[in-house]
Every structure is written in C-alpha cells, then in structure tokens.
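This is what each chain is made of:
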Amino acid sequence: MTELQDQQRDYIMRSVEERGVRLVRLWFTDILGNLKSFAISPAELENALDDGMTFDGSSIDGFSRIQEADVLAIPDPNTFELLPWGDPKTPEARIFCDINNLDGTPFHGDSRQVLKRHVQSAHAQGLNFYVAPDIEFFYFAAPEPGARPVPLDEASYFDLTTNDVTGTLRKQTIRTLEAMGIPVEYSFHEDAPSQQEIDLRHTDAVSMADGVMTFRLIVREIAAAQGVHATFMPKPLEGVQGSGMHTHMSLFRGDGNEFFADDDDYNLSPTAKSFMAGLLRHAAEITAITNQTINSYKRLVPGFEAPIHVSWARNNRSGLIRVPIAKRGNPTATRVEYRSPDPACNPYLAFALLLAAGMKGVAEGYELPAEADANLFEIDDEVLAKLQIARLPQSLAEALRAMEESELVQEALGEHIFEWFLRNKWREWEAYKTHVSDFEINRYLRAL
Amino acid sequence: MSDAVPATSDLLAVFAVSVAPELARTLDLGGYRWKSISSPTEASEHEPAEGWAGVIVDATDDSTSAWAFIRSLRKNSTAGASTRLLALISGAQITDLELRDELFDDFCLVPFHPAEFEARVRHLLWRTGAEPQQDMVEYRELSLNVATYQASIAGRPLDLTYMEYELLKFLSQNPGKVFTREMLLNRVWGYEYYGGARTVDVHVRRLRAKLGEEYASMIETVRSVGYRFGQTRWS
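Residues numbered from 1 in each chain as written. Chains lettered and ligands numbered in written order. Predicted model: local features only at pLDDT ≥ 70, side-chain atom pairs only at ≥ 80, totals over all residues.

A. Broad picture of the domain arrangement of chain B. By the assigned domains, chain B splits into domain 1 (11-125) and domain 2 (136-229). Put simply, the middle of domain 1 of chain B and the middle of domain 2 of chain B, counted by C-alpha atoms, are 30 Å apart. (Domains from an automatic or database assignment.)

Given below as structure tokens:
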C-alpha cells in the first residue's frame with residue numbers, strides 16, 4: 001500500500017470516528033446502470049478498505065453466474081463522502097466500489113472498471129478525458145401504478161413562476177449536490193411542463209460517472225421527501241420534449257486543451273476533428289448503450305430538439321454533435337457536445353464508449369465530414385442521402401443490431417458485458433413486441 | 001517542540017536587498033510565513049510581540065550592510081542574542097564567516113538546492129517551536145484540526161474527501177499567497193498524480209461548493225495565475 005493510500009485510509013477512519021458515522025454504504029453499479037448498495041458497520045470498514053468485502057453477486061443483474069457467485073467489492077477511498085440527508089444524529093457515509101473476482105482480477109461485469117480502463121489507456125497517451133453532462137428530468141405527482149404521469153406545473157423554458165414547487169425542489173437538489181462535491185454549472189426549467197435541467201461542471205470521466213449515479217439518487221430522494229416523483233425516463237410525455245443527457249467532452253494534455261487550435265476556422269484541432277469523426281462513424285454502434293430503453297427511441301424523433309441525424313454543426317441543435325462556440329475564444333472551453341444520450345443510460349458504459357469511439361477516430365486519423373449547418377429536421381430523406389447523412393437507429397432493435405456488428409463495442413465493453421447486455425436487451429425487445437398498445441387499439445379496433 | 005524554550009511567533013524575517021524569487025518560492029512551498037525587511041528599523045518595527053521565529057539574511061548582494069544588520073539585530077532584538085539566524089552567502093564569501101561564529105546559527109551557499117535550504121530552515125526552527133505544522137489551523141471562520149482531520153466553517157463541520165481536505169489544509173496554512181496550479185498539484189497531490197493541473201480547478205470548485213456561498217470566496221481565483229486563500233498579505 002502506498003503512503004497516499006495509507007493516509008487516505010487513515011483520513012476515512014478518523015472521519016468516521018469523529019463524525020460518529022453509524023453506517024457505511026458500499027455503492028456499485030450493475031450493467032444496466034442501476035445503483036446497488038450494501039451497508040457495513042464502521043467496525044468492518046478498515047477491513048473493507050484493506051481487503052475488500054466479499055458478497056454474493058449472483059443476485060445482481062449481469063454479475064456472477066451461479067457457480068462463481070462470490071465477488072469482492074473494493075472501496076475507492078477517493079469517493080468517501082458523508083451523505084447530507086437522513087438523521088444528522090446517525091450520519092451515514094457512502095463509498096464507491098470497484099468489483100473484483102476473489103483472485104483480485106477485475107470482475108468482467110463491473111462497468112466502473114470498464115470506464116477506468118479506457119480512461120487509463122487515454123492517459124497512457126498523456127490525455128485526460130473531461131466530461132460535463134447536461135441532465136434533464138421530470139417531476140411528476142407520485143404516480144398510481146399504470147397511470148399516466150401528471151406534471152406538477154405548466155411553466156416552460158426559463159419561466160419564473162411565483163408558486164414554483166419544482167423550483168424549490170431544484171434548489172434543494174442543487175444545494176445537496178454541491179454539498180456532495182458535485183458542482184452545478186447551470187440549472188433551469190426546461191421546455192416541457194415539470195421538466196428540469198441541471199448542467200454539471202466538467203470533471204474527469206470516472207468522477208463524473210460516479211457523480212451521475214449520485215445525482216440520480218439525490219434528485220429522486222429529495223423529490224420523494226416532498227411526495228414528488230422524479231424520473232429520468234427519456235420520453236415520459238407524448239408530444240413534448242423528452243429528457244436527454246447532452247454530454248460535453250474534451251481531451252487535455254496537462255493544462256492544454258488538445259481540442260483547441262488557434263489557426264482553424266472552427267478553433268478545432270486535428271485531434272478534435274478525428275475524435276468527432278470517430279464519434280460519428282461509430283454513433284449507430286454505441287447508441288444501444290447511450291440510449292438503452294425502448295422508450296429512448298421515442299425521444300429521438302424529429303421536432304423535439306433531439307438529434308436524429310449523424311451529423312455535426314456549430315450552432316445547429318438538430319445534429320448529433322454540436323461544437324459550442326467558446327466564450328471569448330477561450331481555449332480551455334473548446335469542447336464537443338454529443339447530444340443523443342439520455343439520462344437513463346449507464347454513465348460508466350456510455351462515457352467509456354464515447355471515449356473509445358473518439359479515440360478510435362484519433363488513432364486511425366478519421367476524416368471529419370463537412371459541417372451540416374442547415375436545419376436537418378426540415379430536409380427530406382433524398383437530400384440527406386445525397387449528403388451521405390445517416391440516421392441514428394430508430395428503435396432499440398435497430399440499435400442492438402448495429403451493436404452486435406460492432407467490433408469496437410465488443411472490444412470496448414469486453415465479452416461479458418457485451419453478451420449479457422445484448423441478451424438482456426433482446427429479451428426486453430421481445431417482450432415489447434408482444435405488447436398491444438393504446439395506439440393500436442384506438443387506431444384499429446373499430447376501423448378494422 | 002517540547003524543548004523548554006520561550007514561545008515565539010511563526011513569522012520569519014527575511015533580510016535582503018530584494019528577496020530572490022527562488023528564495024521566496026522555496027519558503028512559500030515550505031509553508032513558512034515570512035516578511036521581507038530591509039533595515040534594522042524595519043526589523044524592530046515589524047517584529048511580532050513574541051519575537052521572530054527566525055531570521056534569514058541574504059548577504060550575497062550587499063555583504064557589508066547584511067553583517068551590519070545582523071550585528072544590530074543581535075544587540076537590539078527583543079529576544080536578544082537568542083534569535084535563530086541563517087545566513088545566505090555565495091561561495092566566494094565563505095571567508096566572511098571567520099570570526100563571526102557568534103553572529104549566525106547556520107549558513108547556506110547560494111545558489112542553494114531548495115531541499116537543502118528547506119532542511120536548514122527546518123533545523124533552524126527546530127528548537128523554537130515555530131515549525132509550520134500545528135495541530136490547529138485557523139483562519140477567520142475556518143478551522144482545521146490537523147490531528148483529527150476535521151474541518152469546520154463557522155462551527156459547521158465540513159465533509160470533505162481526503163484530497164479536498166489536503167488542498168484546504170495547504171491553502172489555509174498559507175493565507176494570502178498566490179499559488180499556481182502546478183505548485184498546488186505538486187505540493188498537495190504529489191508528482192504521481194496524473195490528472196493534470198485542471199484537477200486543481202475541479203477540486204477548488206468542489207471545495208467552494210462545500211464551503212457554501214457565503215465562504216466560497218475564501219478561495220480566490222487569481223486570473224491567469226492560480227489561486228489565493230484569504231486576504232493578500234498586504235491588505
């Protein structure tokens with residue numbers, strides 16, 4: 001154990017003691033991006049920090065097979081935080097874990113370590129991957145099972161309303177996020193009724209994926225305390241905008257932004273351009289991961305600010321990649337914004353694939369196609385075909401087929417997650433196919 | 001620290017025609033509080049009630065006035081002859097030391113190796129109890145207990161990660177000083193950390209968030225340089 005790890009461990013043990021922490025929650029994430037947790041007493045923590053905690057992973061989706069059920073949760077001391085909610089007299093803390101096999105090798109179903117592997121391989125080339133997601137979500141009245149969601153307000157984009165319940169919730173949420181070291185850049189009321197957006201400030205990809213997991217929990221917890229249901233479902237309401245997780249990305253070498261170039265019309269470096277080209281070329285293949293639900297594809301339709309075409313532009317929000325114009329030409333603010341992901345994804349896997357696709361473009365020197373600055377929503381398919389602008393997958397099934405064919409995704413996720421994910425999602429698709437929807441009843445029952 | 005010597009302040013006096021950047025940086029990086037002085041009058045004017053922790057005299061630029069200053073200090077200082085004194089001299093000035101053993105406690109050749117210089121300063125202060133490491137670091141509403149790793153602002157406990165705590169500790173031990181991102185990375189994270197200098201920005205942003213709106217400005221951004229904790233030394 002290094003000196004730093006020793007000091008960190010010491011720091012955690014002292015904090016637990018001084019603050020009277022009663023329970024330490026070990027957090028990790030399953031393949032579908034659900035936060036999992038088990039609690040240990042402070043007495044067990046020292047042991048957990050040294051050797052990890054053995055637990056039965058077979059009950060968790062995508063984890064162990066029955067015959068090798070036990071895995072090890074290895075707490076990451078960097079992520080030790082007190083939870084700013086609950087009873088202050090009996091404080092609880094959380095710590096994120098990597099999951100290893102009993103022999104100490106990384107467990108193949110652990111998405112956090114998949115992301116770490118990609119971040120480290122970029123770092124081996126001297127590059128640090130920074131990510132900043134803009135997360136959208138809805139507040140609804142607590143839903144009855146099977147009922148349609150009911151928005152809490154009818155306010156719209158940037159509105160200030162006097163009786164803004166959701167505004168109060170959002171403020172509490174932001175305070176809590178900041179208290180947990182998840183800095184917020186902007187927050188506002190989005191277009192749709194009861195829709196919110198909170199933009200997080202960039203940080204390294206692993207911390208940010210941990211941050212997104214924490215974010216989703218905080219948003220739900222704070223809403224639930226007020227009897228409100230917060231949801232990250234990509235398209236909960238028909239006819240209004242859905243919830244996305246636009247993801248801003250940049251690569252830094254030390255203090256210098258590798259995406260910035262002084263002498264380019266777009267202020268984009270060759271690295272930035274081939275990174276973008278990588279994202280575009282592999283977009284269809286990674287979409288099943290960035291948009292993993294059946295419902296995700298009801299957001300990716302024309303007319304609602306969600307991308308449907310595999311294209312890029314500076315100030316055109318209909319494209320898949322937007323290159324925001326940096327304030328005052330600030331080199332450090334140069335970044336690319338990938339607009340298809342939704343907040344129901346597994347952030348570890350989504351960031352890992354975005355990085356893998358981008359780095360593939362850099363490694364192979366992919367050529368960036370021309371900017372598509374027209375509003376693509378208004379262009380018909382023939383013109384798009386002439387411009388060689390493809391569409392993103394239109395359904396989960398299409399996305400899964402593209403993923404199945406992808407060597408990049410298979411290699412990036414590893415065999416275990418790749419196969420498990422496809423199997424699980426094809427089952428979901430089969431179940432959906434047998435469902436007879438309201439749409440069909442209304443349209444066909446009487447007419448046919 | 002346990003030696004039965006009178007308590008002194010933790011403030012070092014640095015006598016020099018003008019303080020060499022290398023000297024200033026090494027002291028800053030070592031976490032020492034220091035004040036530049038240029039005459040015996042200034043030295044007594046600025047001397048803390050408990051006396052200087054130690055005095056560093058740069059004799060390389062003007063050795064005559066440097067030795068005059070030392071002599072005067074030895075006669076007039078509150079702590080009299082007991083003030084610990086380190087002389088900085090060039091290689092050609094070694095003969096100046098002859099027959100002046102009563103005037104200085106230690107010396108260091110310029111140009112110095114920062115590690116050597118720091119070791120000498122540390123040793124100089126060893127018996128005075130003025131080492132920069134103390135159990136409590138306090139600055140206005142902020143207090144840090146270095147022994148128990150606890151931090152609080154206006155009585156409210158701060159829940160920090162280890163690196164956030166280390167960064168806040170380093171900054172608050174050196175109020176008023178401007179640090180570049182590289183210096184902070186270097187001193188707080190150490191060389192093995194690979195996140196790059198932007199890691200510092202990310203952590204500063206998190207620390208500000210945890211300090212809360214009212215105290216976030218304790219860590220000030222110094223445009224195109226780095227960060228400063230608390231007030232400038234001169235304000």
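Now, onward.
B. Summary view of helix H7 (residues 283-290) of chain A. Counted residue by residue, H7(A) has 8 buried out of 8 residues, so it is predominantly covered. Within H7(A), burial applies to Ala283(A), Ala284(A), Glu285(A), Ile286(A), Thr287(A), Ala288(A), Ile289(A) and Thr290(A). (Buried ≥ 20, exposed ≤ 12 C-beta atoms within 10 Å, placed from the backbone. Helix = DSSP H or I, 4+ residues; strand = E, 2+ residues; numbered from the N terminus.)

C. Quick peek at the interface of chain A and chain B. At the junction of the two partners, chain A supplies 23 residues and chain B supplies 21 residues. Among the elements of the structure, helix H1 (3-19), strand S5 (81-82), helix H4 (165-179) and strand S10 (203-204) of chain A are those that each provide at least two residues to the side of chain A that touches chain B. The biggest single contributor to the side of chain A that touches chain B is H1(A), with 6 residues. The residue inventory of the side of chain A that touches chain B, partitioned by class, reads 7 nonpolar, 8 polar and 8 charged. (Contact = placed C-beta atoms within 7 Å. Nonpolar A, V, L, I, M, F, W, Y, C, P; charged D, E, K, R; others polar.)

D. How the structure looks around the packing of H7(A) against helix H9 (residues 347-364) of chain A. Residue and element names in this part refer to chain A. Where H7 meets H9, the axes come as close as 9 Å, and the angle between the chain directions of the two elements is 170 degrees. Relative to H9, the element H7 is oriented roughly antiparallel. Together, Ile286, Ile289 and Thr290 of H7 and Leu349, Ala350, Leu353 and Ala357 of H9 make up the contact between the two elements. (Axes fitted to C-alpha atoms, helices over the stretch in contact; angles between N-to-C directions. Parallel < 35°, antiparallel > 145°, perpendicular 65-115°, else oblique.)

E. Structural context of the sheet that holds strand S12 (residues 226-229) of chain B. All names here are of chain B. With antiparallel pairing, the 3 strands of this open sheet are ordered in space as S10-S12-S11. Each edge of the open sheet is held by one strand with a lone partner, namely strand S10 (178-180) and strand S11 (219-222). Neighbour-to-neighbour, the strand axes of the sheet open up by a mean angle of 30 degrees, direction not taken into account. The sheet contact formed by S11 and S12 spans 4 bridges and is antiparallel. Looking at the pairing, Glu220 lines up with Arg228 of S12. (Pairing = 2+ DSSP bridges.)

F. Summary view of helix H6 (residues 181-189) of chain B. Residue and element names in this part refer to chain B. Looking only at H6, the buried set comprises Leu184, Leu185 and Val188. Down the axis of H6, the buried side of the element spans an arc of 100 degrees, and every buried residue falls inside it. Of the surrounding secondary structure, the elements contacted by the buried residues of H6 are helix H5 (162-173), S10, helix H7 (198-211) and S12. (Arc of directions from axis to C-beta.)

G. Structural context of the sheet that holds strand S7 (residues 142-145) of chain B. Residue and element names in this part refer to chain B. Strands sit in the order S6-S7-S8-S9 across an open sheet of 4 strands; the sheet is antiparallel. The two strands at the open ends of the sheet, each matched to only one other strand, are strand S6 (136-139) and strand S9 (156-158). Geometrically, the sheet is characterised by an average inter-axis angle of 20 degrees between neighbouring strands, direction not taken into account. Relative to S7, S6 runs antiparallel, the two being bridged by 4 bridges.

H. Representation of the domain arrangement of chain A within the structure. All names here are of chain A. For chain A, the domain assignment lists domain 1 (3-103) and domain 2 (116-441). The gap between the C-alpha centroids of domain 1 and domain 2 is 28 Å. When its residues are assigned to classes, the side of domain 1 that touches domain 2 shows 6 nonpolar, 4 polar and 1 charged.

I. Up close: unusual backbone geometry. With an omega of 0 degrees, the peptide bond between Val110(B) and Pro111(B) qualifies as cis. The residue Pro111(B) is located in the loop between strand S5 (106-110) and helix H4 (114-125) in this model. The backbone of Glu305(A) shows a phi angle near 65 degrees, a positive value even though the residue is not glycine. Tracing the chain through its elements places Glu305(A) in the loop between helix H8 (296-299) and strand S14 (309-313). The backbone of Ala154(B) shows a phi angle near 50 degrees, a positive value even though the residue is not glycine.

J. Representation of the nonpolar core within the structure. Of all hydrophobic cores here, the largest spans 91 residues; its most connected members are Ala205(A), Met276(A), Phe351(A), Ala352(A) and Leu353(A). Each residue touching Ala205(A), except ones within four places of it in the same chain, is listed here: Leu115(A), Val119(A), Phe129(A), Val131(A), Phe351(A) and Leu355(A). Membership of the second largest hydrophobic core comes to 31 residues, among which are Leu23(B), Ile56(B), Val57(B) and Val121(B). (Core = buried A, V, L, I, M, F, W, Y, C linked by C-beta atoms within 7 Å.)

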